[in-house]
Amino acid sequence: MIASTQTHHPFVGPGGQPAATKDLLAQVAEMIHAAGGRVTKPCIAMLTALAARGHPVTIEQIHRDVGVDRCDLVTIYRSMAAFEELGVVRRSFFHDGTVLYDISLNQPTRFHVVCKATNRVDQLDPETAKDLHRSIEAVQRKLRARGYDGVSHRIEFFGISPNATAPSKSAKK
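First things first, this report covers the structure right here in the doc.

Parameters and conventions
- Residues numbered from 1 in each chain as written.
- Predicted model: local features only at pLDDT ≥ 70, side-chain atom pairs only at ≥ 80, totals over all residues.
- Heavy atoms only, no water.
- Axes fitted to C-alpha atoms, helices over the stretch in contact; angles between N-to-C directions.
- Helix = DSSP H or I, 4+ residues; strand = E, 2+ residues; numbered from the N terminus.
- Parallel < 35°, antiparallel > 145°, perpendicular 65-115°, else oblique.
- Left-handed = near helix turned anticlockwise from the far one by under 90°.
- Contact = heavy atoms within 4.5 Å.
- Nonpolar A, V, L, I, M, F, W, Y, C, P; charged D, E, K, R; others polar.
- Core = buried A, V, L, I, M, F, W, Y, C linked by side-chain atoms within 4.5 Å.
- Buried < 20%, exposed > 50% of the residue type's maximum accessible area, 1.4 Å probe, protein only.
- Pairing = 2+ DSSP bridges.
- Polar contact = N/O pair within 3.5 Å; in protein donor to acceptor, adjacent residues only side chain to side chain.

Some remarks on the packing of helix H3 (residues 59–66) against helix H4 (residues 73–86)
Where H3 contacts H4, the two axes come as close as 10 Å, and the packing angle between them is 120°. The pairing of H3 with H4 is recorded here as oblique in orientation. Seen along the crossing, H3 lies across H4 with a hand that is right-handed. Of the residues in H4, those touching H3 at Ile 59, Glu 60, Ile 62 and His 63 are Leu 73, Ile 76, Tyr 77 and Met 80. Of the residues that constitute the contact of H3 with H4, the class distribution is six nonpolar, one polar and one charged.

Structure, rendered in structure tokens:
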């Protein structure tokens, strides 16, 4: 990756890591190596921070979780761009212009809904997500049948959570 510190044993560290995180990191390491990259300590720290959050986060949140003294912000920006290109992370654009990153590992998109009052991010329930995936696949098949190649999409949902109070009209101005 884009950093100067490299390790040949990236998953062994003080205190170890949970098995799920180790599996995730091993999968990502394979993707990075297959693309000709290298697994670095900052790379591991970023991916561990993303895995620990379990939901989309900002670059700044990743930077705080990794530790400002362990990795500079520019490295995180560059690494997230490289991870996105490899299919390791997915970038989402939310209603206020915030960009969030989530681990994807080239898996089907996990859809989220963002509360406009609190900015809380919740994942769609499995049944709704399955319906949405089927609809998207149908649209993509139709587009490919019409000759389109490299079809992709971005879908984001926004609303006011039933547990949130909408901001007052005077607060929006």
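On we go.
Notes on the nonpolar core
A general trend in soluble globular proteins is that nonpolar side chains are found buried together. Counting 27 residues, the largest nonpolar core has Met 46, Leu 47, Leu 50, Ile 62, Met 80, Phe 83 and Val 88 as its most contacted members. When contributions to this core are tallied by element, the ones reaching two or more residues are helix H1 (19–34), helix H2 (41–53), H3, H4 and strand S2 (99–103). The leading source of residues in this core is H2, at seven residues.

A look at the sheet that holds strand S4 (residues 121–123)
Taken in spatial order, the three strands line up as S4-S3-S5 in an open sheet, and their pairing is mixed. The open sheet terminates on both sides in strands that have one partner only, identified here as S4 and strand S5 (157–159). The sheet shows a mean angle of 30° between the axes of neighbouring strands, taken without regard to direction.

Focus on the side chain of Thr 75
Topologically, Thr 75 is positioned in helix H4. At 2.9 Å, the side chain of Thr 75 forms a polar contact with the side chain of Asp 72.

Description of the environment of His 33
Topologically, His 33 is positioned in helix H1. Apart from the residues within four sequence positions on either side, His 33 is in contact with Arg 38 and Val 39.

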